[in-house]
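Per-entry structural report
What follows is each chain in one-letter form.
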Amino acid sequence: MDLSELRKAVEEVELVDGHAHNLVALHSNFPFIHAFSEAQGEALASSHHSLSFKRNLRDLAELYGCESSLRGVEEYRRVSGLESTGLTCFKAARISAILIDDGLELDKEHDIEWHKGFAPFVGRILRIEKVAEKILDEDFPNGSRWTLDSFTKAFVSKLESVAGEIFGLKSIAAYRSGLEINTNVTKQDAEEGLAQVLLAGKPIRIANKNLIDYIFLESLEVAQSYDLPMQIHTGFGDKDLDMRLANPLHLRSVFEDKRYLKSRIVLLHASYPFSREASYLASVYPQVYLDFGLAIPKLSVHGMISSLKELIDLAPINKVMFSTDGYAFPETFYLGAKKSREVVFSVLRDTCIDGDLSVSEAVEAAKDILARNAINFYKINLSISAVSAHNILPLNVIDNLESDVSFVRIIWVDNSGQQRCRAVPKKRFNDVVTKNGVGLAFAVMGMPSFQDGPAPGSGLGSVGEARLTPDLSTIRTIPWSKHDEMVLGDLNIKPGQAWEFCSRETLRRASKILKDEFDLVMNAGFENEFFLLKSLTREGKEEWIPFDSSPYCSSSAFDAASIILQEVASALHSIGIQVEQLHAEAGKGQFELVLEHNICTKAADNLVYTHETVRAIARKHGLLATFIPKYKLDDLGSGCHVHLSLWQNGQNVFMASDESSKYGISTVGKEFMAGVLHHLPSILPFVAPLPVSYDRLQPNTWSGAYLFWGNENKEAPLRASSPPGTRSGLTSNFEIKSFDGSANPYLGLAAIIAAGIDGLRRHLSLPEPVDTDPNPESLQRLPKSLSESLEALDKADFLEEFFGVKLLTAIKAIRKDEIDHYLENKEAYKQLIHRY
């Protein structure tokens, strides 16, 4: 019997993975051993003696060409990095579509969108118990308690709101209370179950059977009305599962109920060891379908083959579907795909030998099981011909990728606002630096903008060393140098103990006070202005001139820089930073890049990465990008305007609740803004830290030279803003125009929070706005120089609580050193384009 056609079909079909979970970052705390076993705790120690472990480990070692041991595979993964191993695994797996249940929350997991780098089609499966728990974790509005009616309304509304975006629902009732769903559960029983769950406290974990059954049935009704399938965990899993209650036969009451006859239900994991029961159910109930992920590749070869054979003993082949149940590690996807091809071929070969199927029928069955059934069942917009023709990861792409990450750059921002980095080889980073950091002399946080040595009086010198410790939540592959990674660093005295000069910790501390004292979170969104300059040599001297002279918002300027701007936007998007706008500014060769708003700590991180990205990509194209506030005294300056809002429980509470509030700002918003306005002169050394910063803060330049606020007044240093989409009569945020690109964003935002908190504590009143051009005769001028702003800072006692005496002393010393140097060296500011 010639089975070559069957083997070819099994090997060549592009797989459709109907059930999987998120991958995690390489530095996740989730142990790699879990790629091989569902065991936990002490039982995990014996997992390497299982047949599937030994076989799967050999398969991975063969794929990677490394030592056939757990240590050898783990070392290969560390050296190669997630991008390289992911591409290797998915290229070998040839998976064209993945449906991800992101309800399995793992340490440092990647979001669903990220996975599109490995498969052309990625969709979401929504886990219903996780949705319910997240709803109940939120406090009910107005301080009331959740009732069954209010919960049901919120739960059903949530499911319906995403019904058009997802490809199915999923239940893990088997893990919580078992599959014997009571289709007649009463509202009273569910209400009592809800009360018990709430009484147990947060974080919510729903295990009450009556409430689980109620949620399951409500979800099934939504799924049925939107023609969405419901995936159900059946059979084996980790030890949290009561296997006696995971038999799919318990679901017969659901299948028999007339209300759910039009539903579409998938029994996951081959229902092992209840594969025969699952096969029977799929044969007699039209709404029942089968998925064999997890059983393949977690069982022995005999177990996998016998389980799949049992599934098709009775079940129609058009109801049996492949999935990997891949999770956490790309290797699980590869192993699931590899063994599924082998097992499907083995089982279908035997059907041909036994006379159940002809070879041509077996070929069609292979295509159905591995791809077509899932495409049709989940309504994936991906035809089988397109799948087969799609080369997911062409060999030339793999060949062109550098196979390992050689360096990790650990970035920090010093007290003069300069971004600096230490580069560490990837292996040392993983083995040593992630835990212990790298040594950094105290002096680095005392350096001014003009020299790499500490300022006199800063208290920071040659004695003492801090630890620059990577914040692994911020690690990113460098878009313009994919061989390397970058990560933001914290400054610690020792691991886990922050140094008082760490600016990221300063912002965290200020944010915590705002949260603890007022239950508020500040969001920030930055507008980055920068110049693109090109080098010109005149009489043997290098000069930097604007690369273009087009006017404000001109298409010609955008066209001239489009290659750079598009590459910048793409690079930022690849590291999770969203660009909202890009346009040419009024200066020659000047552009503005607007970032989406975010919680202020994240916004500051994003700003640092944005500066790194813009400067690096400009340099790649032979240009210099500078964020200096004034690179040329006879041209316009560059600001880093920041838009600020206050949030509580996911709601913008800076904005008034209705149009009756004066200026459309809430009381909390007005008091916070009043504090910032009142203290603006004293916080300027943090947001406008260089002497040249004050050459930008001039009247009639839309930079804010006088102390007032206004509604959409571009001359106001504080501008109330109502962008498109804001309800008429309301104000969504306020903008501070004094902030510039030489500021350390963590210190600048911390100073703003401190000023706002003082306004909240003292219930400061916001004066009347100025909605005309400012009148110098009736308005106070903001400090005209860094010296004047330092005088104001000396009088601002409220800042000690937030910054500490030592940090304030160092900042003042650095600023004084800046003043003296640039006063004596009038042309020295021109060199700042290379530092900011």
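Details of the structure are given in the entry above.
Counting restarts for each chain, with residues numbered from 1 along the sequence as it is written. With pLDDT at 70 or above as the cut-off, local features in this predicted model cover only qualifying residues; side-chain atom pairs require 80 or more to be listed or tallied, and sums for whole chains, interfaces and linings still use all residues. The basis for the side-chain values is all heavy atoms of the structure; hydrogens and waters are excluded.

Numbering of helices and strands runs from the N terminus, with a helix taken as a DSSP run of H or I at least four residues long and a strand as a DSSP run of E at least two residues long. Each helix and strand in the chain was counted, giving 27 helices and 27 strands. Relative to the compact-globule value of 28 Å for 836 residues, the chain shows a C-alpha radius of gyration of 31 Å, a close match. Across its three principal axes, the chain shows a C-alpha extent of roughly 95 × 65 × 55 Å. All accessible-area figures derive from a Shrake-Rupley calculation using a 1.4 Å probe, and residue coverage is judged against the displayed protein chains alone. Here the chain has roughly 34100 Å² of accessible surface; of this, 49% comes from carbon and sulfur atoms. This count recognises Lys and Arg as positive and Asp and Glu as negative, with His and chain-terminal groups excluded. The location of each charge is read from NZ of Lys, CZ of Arg, CG of Asp or CD of Glu. Measuring between centres, the 88 positive side-chain charges of the chain sit 2 Å from its 111 negative side-chain charges. When we talk radius of gyration, it's over C-alpha atoms, and the globule rule is simply 2.2 Å times the number of residues to the 0.38.

Between any two strands, pairing holds if DSSP finds at least two bridges. Across the sheet, which stays open at both edges, the eight strands sit in the order β1-β2-β3-β4-β5-β6-β7-β9 with parallel pairing between neighbours. Two strands in the sheet have a free side with no partner beyond their single neighbour: β1 (15–20) and β9 (320–321). Across five bridges, the pairing between strand β2 (residues 95–101) and strand β3 (residues 121–127) is parallel. Pairing of I100 across the sheet is with R124, part of β3.

Okay, the nonpolar core next. Think of a nonpolar core as a cluster: buried Ala, Val, Leu, Ile, Met, Phe, Trp, Tyr and Cys residues, connected wherever their side-chain atoms sit within 4.5 Å. Under the scheme applied here, a residue whose accessible area is under 20% of the maximum for its type counts as buried, over 50% as exposed, and between as partly exposed, the area being computed with a 1.4 Å probe on protein chains only. Core analysis: the largest hydrophobic core is formed by 120 residues, its most contacted members being F151, F155 and F292. Broken down by element, the residue count for this core peaks at 11 residues, all from helix α15 (residues 359–377). Residues are treated as being in contact if the distance between any of their heavy atoms lies within 4.5 Å. The residues contacting F155, other than those within four sequence positions of it, are I128, V131, A132, I135, I215, E218 and S219. In terms of nonpolar packing, the next biggest core, distinct from the first, is built from 119 residues, V408, L572, I577 and L790 among them.

Burial runs high along β1: six of the six residues are buried. When β1 meets β2, the two strands line up parallel, connected through four bridges. By the bridge assignment for β2, A20 is matched with I100.

Turning next to helix α4 (residues 82–93). For α4, built from 12 residues, the straight-helix expectation of 16 Å at 1.5 Å per residue is met to within 8% by its first-to-last C-alpha distance of 16 Å. When we look at burial in α4, the residues that qualify are L82, S84, T85, G86, L87, C89, F90 and A93. Among the residues trailing α4, R94 stands out with phi positive, at a value near 55°. Given a helix with a known number of residues, its expected span is that number minus one, times 1.5 Å.

Here F501 shows up in the loop between β16 (497–498) and α19 (503–518). Note: C-alpha distance between F501 and A810 (309 residues apart in sequence) is 8.8 Å. Residues contacting F501, with those up to four places away along its chain left out, are N415, M445, L460, L491, K806, L807 and A810.

Moving on, we come to helix α11 (residues 275–284). Among all positions in α11, only S275, A278, S279, L281 and A282 are buried. Down the axis of α11, the sector holding all buried residues measures 165°, keeping them to one side. Here the buried face of α11 lies against α10 (252–256), β6 (265–267), β7 (288–291) and α13 (301–314). Working definition: the arc comes from the directions between the helix axis and the C-beta atoms, pointing outward to the latter.

Our focus in this paragraph is the pattern of salt bridges. When a carboxyl oxygen of Asp or Glu is within 4 Å of a side-chain nitrogen of Lys or Arg, the pair counts as a salt bridge. Applying the stated criterion across every chain yields a total of 54 salt bridges. Ionic pairing is found between R719 and E712, a salt bridge with its closest N-O pair at 2.3 Å. Classification of E712 by relative accessible area gives partly exposed; the value is 38%. Within this structure, D471, D490, R504, E505, R508 and D605 form a network of salt bridges that share partners.

Moving on, we come to the environment of S340. Assignment of secondary structure puts S340 in helix α14 (residues 330–354). On the basis of relative accessible area, S340 is assigned to the buried category, the value being 0%. In sequence terms S340 and T324 are 16 residues apart; their C-alpha atoms lie 8.2 Å from each other. Setting aside chain neighbours within four positions, we find S340 in contact with F292, I296, F322 and S323.

Another aspect to go through is a nonpolar patch on the surface. A patch consists of residues whose relative accessible area exceeds 30% and which take part in no salt bridge; residues with like charges are grouped when within 9 Å of each other, and nonpolar side chains (Val, Leu, Ile, Met, Phe, Trp, Tyr) when within 5 Å. On the surface, L249, Y280, V284 and L314 cluster together to form a nonpolar patch covering roughly 320 Å² of accessible area. Within the element layout of this structure, V284 appears in helix α11.

What follows is about the packing of aromatic side chains. Between the rings of Phe, Tyr and Trp (Trp by its six-membered ring), a pair exists once the centres lie within 6.5 Å; its type follows the angle of the planes, with under 30 degrees stacked, over 60 edge-to-face, and the other angles tilted. Under the criterion given, the structure shown has 28 aromatic pairs. With centroids separated by 5.3 Å and ring planes inclined at 45°, the aromatic side chains of F255 and Y285 adopt a geometry described as tilted. In this pair, F255 is assigned in helix α10 and Y285 in the loop between α11 and β7, connecting sequence segments 30 residues apart. The exposure class of F255 is buried, given its relative accessible area of 1%. Grouping aromatic residues by their ring pairs yields a cluster made of F30, F32, F36, F53 and F329. In this scheme, the term charge over a ring applies when either NZ of a lysine or CZ of an arginine sits within 6 Å of the ring centre and within 35 degrees of the ring normal. A cation over an aromatic ring shows up here: R264 above the ring of F377, its NZ or CZ 4.6 Å from the ring centre.

So, about the side chain of R341. Assignment of secondary structure puts R341 in helix α14. Here R341 sits buried without a salt bridge, and the closest side chain of opposite charge, E14, lies 5.3 Å off (N-O distance). Once you skip the residues sitting within four places of it in the chain, R341 turns out to touch V10, E11, E12, V13, L15, A93 and R94.

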